[in-house]
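Single-letter residue listing:
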Amino acid sequence: MARRYRISRIAVLLIVTAIAPVLRGAETVWLSDLDISKMTVGWGEPVKDASIQKQPLTIGGRKFDRGVGSHADSVLFVELAGGSKRFSARVGVDSEVGSNIGSIEFKVIGDDKELFSSGVMKAQEAAKELDVDVTGVKTLILIAGSAGDGVSYDHADWADAKFEVTGVKPKAVDRPSVDEEMVILTPRPGPAPKINGPRVYGARPGSPFIYRIPCTGERPMTFTAKKLPKGLKLDETTGIITGTTPEKAKKHKVTFGVSNEHGKAKRDFTLAVGDTLALTPPMGWNHWYTWYDRITDAHMRQAADVMIDSGMADFGYQYVNIDDCWMIRPGSKDPELIGENRKADGTINTNSRFPDMKALTEYIHGKGLRAGLYTGPGPTTCAGFVASYEHEQQDAVTFAEWGFDFLKYDWCSYGRIAKDNSLAELQKPYILMGDILKKLDRDILLNICQYGMGNVWEWGGQVGGHCWRTTGDLGLERGTLLPGFYHIGLANAQHWQYAKPGQWNDPDYILIGFVGNAFRSGDPARRTSLSANEQYSYMSMWCLMASPLFYSGDMGRLDEFTLNVLCNAEVIEVDQDPLGRQGKPIVQDKGTLVLAKPMEDGSMAVGLFNLREAGRPMTLNWEQLGLKGKQRVRDLWRQEDIGVFEGEFETQVARHGVAMLRFFASR
Ligand code: GLA
């Protein structure tokens, strides 16, 4: 009896569930019946190349007849217009990825409110049930995010996904285009001279030295440098200092002066001769995201020219860096890239696009700039070119002889050499190169590039690194509602305790302006799809995190807006502050990020970021910021004081935008 009773109860339950919508006068509309081509990946590209599968789907071994299978990261906007009551589905990673490492986080957002989050789901995990009330919701957003591990094996299934509809039918729509005016916030520098750039600069004893005093204003100008140590000399018309640093470790307090017909300026500059380089985060340009494997000597010279002519160098941009692809590529079909890997004595060969490295660095140095290069500890680089395995010492000496000042050392094929994933094996190639570089009689910064493995931020400095990438490639980070740089930035922000003078977390390059697509590296650079507010947020976040500032867009197509983002002296000053602290994330939730960076002069630089889809008023309070009393609040992008406040400060912040502020104690 009892058994029969149980069965009939289940049957009743099933019937009731099935007919409930009908009883409520609702109709079922399947997600797979909507126009799924509206789904986008990354920064708004159509998902079509990412194969949308409508049926059947399998999650955790269970088969579903209907649904939509896609990739992470992907986003679909559905206009409900208040016509639906419920949205339900079973979500998970499709079983077709096997036991691979794919992981996905599913989210459902209704009019800016998160209605469902699956948490991080792994391959082979059973489907999770989602059933949310969407009464009154106008726009529903379905997100499959890559959960921070990139897109590999991320086959995201929305199985049995359906709407319970009582009114207007749901409709998949294009991602709303963001129509933001590209407002230039940075005031133009005046004609009178103003000295920018770091206030403290490290150099090792007895090393070749080159420094161009960053200074805006009309040229010609005349420069002076009081108390410049012996062995260094200043060119009074260009402001370029060259020579050899003194043999003794010592902090030299130099005073720069400059004058032109509109006025004059002064600035203290500490030249710290000692063991520590990169006392402030390095700044410059790197070729990767514009030229990929098409890079040539001529592109590098152009970048150096533009760094001066565009005024970037007047704000402190200094390094002109070659990334991968300057060497021979074994097996390449491109005649320009083939040849002997190395000379008979083992010296590494360049490919024919780099006929004379020494002449190239001399050209760059001639402008008062520094030159950077790339290799890796494995047999080949990420792009398959010859790297430094078993030639580390010889290559480093060659790079120094060529005149390079910066080395990006990229793990890549070293995975085949490392015995295992132990910390010792992760550190080994970097200890080796770090020690070699320290012994050279040239100051070469070491940029560790291994994407954050083994918590590199905990030990990158000890093995001789001056900065280390904390994440995978920013250009391959697709983003969901928030663009990829936000994801990378939010991850990098967690490691704030580890940054200090000489040792910086590196969240990768600044990809704005005209910039190439890392997924289709053969394509020419295109204008970024980031909104104006997103670009201000990008630069603000990087500066508040004391990140190396490397632009990687096309130097030949720098427009006024891009230069306004890259070249705001007060924003850059936050990055270059001598105290060298990385901003701490004091608030970080779904809608808000607050980064607070204590500055050497006792003031506090603060970024108030709005991660939401709509602009809104946002508040900072003194307690959160560790501030007391009256504070003069300055808007750093506009370079103007907002007023004096006490206790709290409220301001309107745009969608994905930022208020970048500096708080000064006021009486
Ligand atoms: C890796 C690095 C990138 C770039 C490429 C070059 O992906 O992370 O920054 O240097 O290699 O192949």
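Treat the numbers as computed from the prediction; the structure is a model and nothing was measured. (Residues numbered from 1 in each chain as written. Predicted model: local features only at pLDDT ≥ 70, side-chain atom pairs only at ≥ 80, totals over all residues. Heavy atoms only, no water.)

Draft legend 1. Representation of the sheet that holds strand β25 (residues 319-321) within the structure. One open sheet accounts for 8 strands, arranged β30-β29-β28-β27-β26-β25-β24-β33; its pairing is parallel. Edge strands, defined here as strands with exactly one partner in the open sheet, are β30 (504-506) and β33 (549-551). In this sheet, neighbouring strand axes are inclined to one another by 25 degrees on average, regardless of whether the strands run parallel or antiparallel. The sheet contact formed by strand β24 (residues 283-286) and β33 spans 3 bridges and is parallel. Residue Trp 285 lies in a different strand from β33, and its bridge partner there is Tyr 551. (Pairing = 2+ DSSP bridges. Helix = DSSP H or I, 4+ residues; strand = E, 2+ residues; numbered from the N terminus. Axes fitted to C-alpha atoms, helices over the stretch in contact; angles between N-to-C directions.)

Draft legend 2. View of the packing of helix α5 (residues 392-402) against helix α6 (residues 423-439). Following both chains from N to C, one finds α5 and α6 inclined at 40 degrees, their axes separated by 10 Å at the closest point. Considered as vectors, α5 and α6 are oriented oblique to each other. α6 is crossed by α5, and the crossing has right-handed handedness. Contacts from Glu 392, Gln 393 and Ala 396 in α5 reach Leu 432, Met 433, Ile 436 and Leu 437 in α6. Across the contact of α5 with α6, the residue classes tally to 5 nonpolar, 1 polar and 1 charged. (Parallel < 35°, antiparallel > 145°, perpendicular 65-115°, else oblique. Left-handed = near helix turned anticlockwise from the far one by under 90°. Contact = heavy atoms within 4.5 Å. Nonpolar A, V, L, I, M, F, W, Y, C, P; charged D, E, K, R; others polar.)

Draft legend 3. Here's a closer look at the domain arrangement of the chain. In terms of domain boundaries, the chain breaks down into domain 1 (26-173), domain 2 (194-273), domain 3 (283-582) and domain 4 (586-665). Put simply, the middle of domain 2 and the middle of domain 4, counted by C-alpha atoms, are 34 Å apart. (Domains from an automatic or database assignment.)

Draft legend 4. Structural context of the site of the ligand. In the region of the ligand, the neighbouring residues are Trp 288, Asp 323, Asp 324, Tyr 374, Cys 382, Ala 383, Lys 408, Asp 410, Cys 449, Tyr 451, Arg 469 and Asp 473. At 2.6 Å from an oxygen atom of the ligand is found a side-chain nitrogen or oxygen belonging to Asp 323. Between the ligand and Arg 469, the relevant distance is 3.1 Å, taken from an oxygen atom to a side-chain nitrogen or oxygen of the residue. Taken by itself the ligand offers 310 Å² of open surface, and the protein chains cover 93% of this. (Near = heavy atom within 4 Å. Polar contact = N/O pair within 3.5 Å; in protein donor to acceptor, adjacent residues only side chain to side chain. Areas by Shrake-Rupley, 256 points an atom, 1.4 Å probe, with all protein chains shown as cover.)

Draft legend 5. View of the pattern of salt bridges. Summed over all chains, the structure comprises 35 salt bridges. For Glu 425, the salt bridge is made with Lys 419, and the minimal N-O distance between the two is 3.6 Å. Residue Asp 559 is joined to Arg 527 by a salt bridge in which the shortest nitrogen-to-oxygen separation is 3.9 Å. In this pair, Asp 559 is assigned in the loop between β33 and α10 (560-566) and Arg 527 in strand β32 (residues 526-527), connecting sequence segments 32 residues apart. Given the relative accessible area of 51%, Arg 527 is considered exposed. Overlapping salt bridges bring together Arg 199, Glu 573, Asp 601 and Arg 662 as one network. (Salt bridge = Lys/Arg side-chain N within 4 Å of Asp/Glu carboxyl O. Buried < 20%, exposed > 50% of the residue type's maximum accessible area, 1.4 Å probe, protein only.)

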